Amino acid sequence: MRTTVGIIGGGPAGLLLARLLHRAGIDCAVLESRSRAYVEHRQRAGMLEQGTVDALRACGAADRLDAEGLIHHGIELRFDRERHHIDFPALTGGRTVTIYAQTEIVRDLIALQLAAGPPLLFEAEALAVERPESDAPVVRFVHEGREQALNCAYVVGCDGYHGISRNAFPADGSRTYAHDYPYSWLGILADVPPSGEELIYARGAGGFALHSMRSPTVSRLYFQVPNGTDVADWPDERIWDELAARFAVDGDWRLGRGPITSKSVTPMRSYVHEPMSHGRLFLAGDAAHIVPPTGAKGLNLAVSDVQVLARGLIESHRTGSTQLLDQYSDLCLERVWQATRFSYDMTRMLHAQPNADVFDHRIQLARLRRITASRHAAAELAANYTGLPLGP
């Protein structure tokens, strides 16, 4: 096989990049190691920054998003049994966020690509990227039991943290930065209407909890648990009781309960790989960086990566200039580190820290009270949450 841009990974980053390139007249091929059924059903984040929504609309992939997405004008912070609303449009000049599951974005992009887009091969496992420093890199992969070669002008690794793309980077020219958090999230999906109109971030007596939603009839909730927690130790009633305690406020608010359809435990980690490019190989999304889900940045960072990369590839295709491609890593990493910092700050502010003392607890409360009492501090949170500028 031969193409201009070989894309490893059929998640939202790889599929959106393929869509952007196809609309610009640049041929590409997407290799996805999993089956279509698996990719279209794996549960991931669902909070979209304003810029992510704008990007999906611009490439014609937002029909269902506009019809079914839930626009949110802020979030609610809870602590000391109090409720505080952070008004995004008032603090950011009109910006909002939208709830629309990553699963649905993937389904939308797959449908578009299979209908009129470039090749998309499922169950095509990438084995290695060869000669990324040359002008003719090759992706070795296995599809339908046969090893094949995808000859490209460029390769983009959108294959996640466990993918093979980073392996092609020279060890002496790469650096990784990682931080493991001393707690995890136990998350559930439940067939019950949300108990609020917007996301609720709570710092309760037992630790952090988040109330989100997937639709008007399906709620998505999380709460902080120790690392190594076994879901089997948390029967449904115990989960609901714990969530109710962490979201508790003075007043008549009550947490709705319903059948739990899914449970999982997610470790919390920050990770950044530098640089994000080597020769004609580029990393995007989780292949290059991971953030804890507290700030809802993972999917949105992936989208911003591929927007910058698409601009560079289109510029190179149309003018022969590689100026933007040469800047890709630096441009993306500036935003990545700001999102990593924001996610870290949100996580530290809202989670109960193991072995913390009363002083640590009071510092957390002081941070929360600063945000809820100061328009300047609230605006800083709102600007980061709704999405920082993409850059040049």
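Residues numbered from 1 in each chain as written. Predicted model: local features only at pLDDT ≥ 70, side-chain atom pairs only at ≥ 80, totals over all residues. Heavy atoms only, no water.

### A closer look at the overall build of the protein chain
Part 1: Within the protein chain, the regular secondary structure consists of eleven helices and 20 strands.
Part 2: Its C-alpha atoms give the protein chain a radius of gyration of 21 Å, near enough to 21 Å, the size a compact globule of 392 residues would have.
Part 3: In terms of principal-axis extent, the alpha carbons of the protein chain reach across some 65 × 40 × 40 Å.
Part 4: In the protein chain, buried positions account for 55% of the 392 residues.
Part 5: Per element, the accessible surface of the protein chain, about 16,700 Å² overall, is 49% carbon and sulfur.
Part 6: Taking the average place of the 40 positive charges on the side chains of the protein chain and the average place of its 46 negative ones, the gap between the two points comes to 2 Å. (Helix = DSSP H or I, 4+ residues; strand = E, 2+ residues; numbered from the N terminus. Rg over C-alpha atoms; globule rule 2.2 N^0.38 Å. Buried < 20%, exposed > 50% of the residue type's maximum accessible area, 1.4 Å probe, protein only. Areas by Shrake-Rupley, 256 points an atom, 1.4 Å probe, with all protein chains shown as cover. Lys, Arg positive; Asp, Glu negative; His and termini not counted. Charge placed at Lys NZ, Arg CZ, Asp CG, Glu CD.)

### Things to note about helix α7 (residues 236–247)
Part 1: With twelve residues, α7 extends 17 Å from end C-alpha to end C-alpha; this agrees with the ideal 16 Å at 1.5 Å per step.
Part 2: Within α7 the residues assigned to the buried category are Ile-239, Trp-240, Leu-243, Arg-246 and Phe-247. The buried residues of α7 all sit within an arc of 130° when viewed along its axis, so they share a single face.
Part 3: In this structure, the buried side of α7 is in contact with β5 (74–79), β13 (175–190), β14 (199–204), β15 (207–215), β16 (218–225) and β17 (260–274). (Expected span 1.5 Å × (residues − 1). Arc of directions from axis to C-beta. Contact = heavy atoms within 4.5 Å.)

### Points about the packing of helix α9 (residues 323–350) against helix α10 (residues 358–373)
Part 1: Packing of α9 against α10 brings their axes to within 8 Å, and their N-to-C directions diverge by 120°. For the pair α9 and α10, the contacting residues are Arg-348, Met-349 and Leu-350 in the first and Gln-364, Arg-367, Leu-368 and Ile-371 in the second.
Part 2: Partitioned by chemical class, the residues of the contact of α9 with α10 number four nonpolar, one polar and two charged. (Axes fitted to C-alpha atoms, helices over the stretch in contact; angles between N-to-C directions. Nonpolar A, V, L, I, M, F, W, Y, C, P; charged D, E, K, R; others polar.)

### So, the environment of Ala-352
Part 1: Within the secondary structure, Ala-352 sits in the loop between α9 and α10.
Part 2: In this view, Ala-352 contacts Tyr-183, Arg-203, Gly-207 and Gln-224; residues no more than four positions away in its chain are not counted.

### A few points about the nonpolar core
Part 1: Ranked by internal contacts, the top residues of the largest apolar core, which has 72 residues, are Val-5 and Leu-17.
Part 2: The element contributing the most residues to this core is helix α8 (residues 298–319), with ten residues.
Part 3: Core analysis: the next-biggest nonpolar cluster, separate from the first, contains 32 residues, Ile-75, Leu-199, Ala-296 and Leu-368 among them. (Core = buried A, V, L, I, M, F, W, Y, C linked by side-chain atoms within 4.5 Å.)

### A look at the pattern of salt bridges
Part 1: Overall, the coordinates contain 22 salt bridges when judged by the stated rule.
Part 2: In this structure, the salt-bridge partner of Arg-246 is Glu-242, at a minimum N-O distance of 2.7 Å. Taken together, the residues span about one helical turn, with Arg-246 and Glu-242 both in helix α7 at a distance of four residues.
Part 3: Residues joined by salt bridges that share partners form a network here, namely Arg-64, Glu-68, Glu-104, Arg-107 and Asp-108. (Salt bridge = Lys/Arg side-chain N within 4 Å of Asp/Glu carboxyl O.)

### Notes on the sheet that holds strand β2 (residues 28–31)
Part 1: Read across the sheet, six strands follow the order β8-β2-β1-β12-β19-β18 without closing on themselves; strand pairing throughout is mixed. With partners counted over all chains shown, the strands left at the sheet margins are β8 (120–121) and β18 (277–278), one partner each.
Part 2: Sheet topology note: the β18/strand β19 (residues 281–283) ladder contains two bridges and is antiparallel. Within β19, the residue paired with His-278 across the bridge is Leu-281. (Pairing = 2+ DSSP bridges.)

### Concerning the pairing of β13
Part 1: Alignment of β13 against β17, held across 13 bridges, turns out to be antiparallel. Each residue of the ladder has a partner; that of Trp-185, found in β17, is Thr-266.
Part 2: Relative to β16, β13 runs antiparallel, the two sharing seven bridges. Looking at the pairing, Gly-187 lines up with Tyr-222 of β16.

### Thoughts on the UniProt feature "domain: FAD-binding" (unreviewed entry) in the protein chain
Part 1: Those places that UniProt annotates as "domain: FAD-binding" (unreviewed entry) correspond, in this numbering, to residues 2–343.
Part 2: In the segment residues 2–343, helix accounts for 31% and strand for 33%; the C-alpha atoms at its two ends are 40 Å apart. (UniProt positions renumbered as here; feature names shortened; annotations may be inferred.)

### Observations concerning the side chain of Asp-305
Part 1: Examined against the element boundaries, Asp-305 turns out to sit in helix α8.
Part 2: Nearest to the buried, unbridged Asp-305 among oppositely charged side chains is Arg-335, at 7.0 Å.
Part 3: Non-local contacts of Asp-305, meaning those with residues more than four positions away in its chain, are made with Met-276, Ala-284, Gly-285, His-289, Tyr-328, Cys-332 and Val-336.

### A short note on the sheet that holds strand β4 (residues 70–72)
Part 1: Pairing within the open sheet is antiparallel, and its three strands lie in the order β3-β7-β4. Strand pairing shows two members of the sheet lacking a second neighbour, β3 (47–48) and β4, which therefore form its edges.

### Section: the side chain of Arg-19
Part 1: Topologically, Arg-19 is positioned in helix α1 (residues 12–23).
Part 2: Of the side chains with opposite charge, Asp-63 lies nearest to the buried Arg-19, which makes no salt bridge, at 8.3 Å.
Part 3: Discounting residues that sit within four places of it in the chain, Arg-19 has contacts with Cys-59, Gly-60, Leu-109 and Leu-112.

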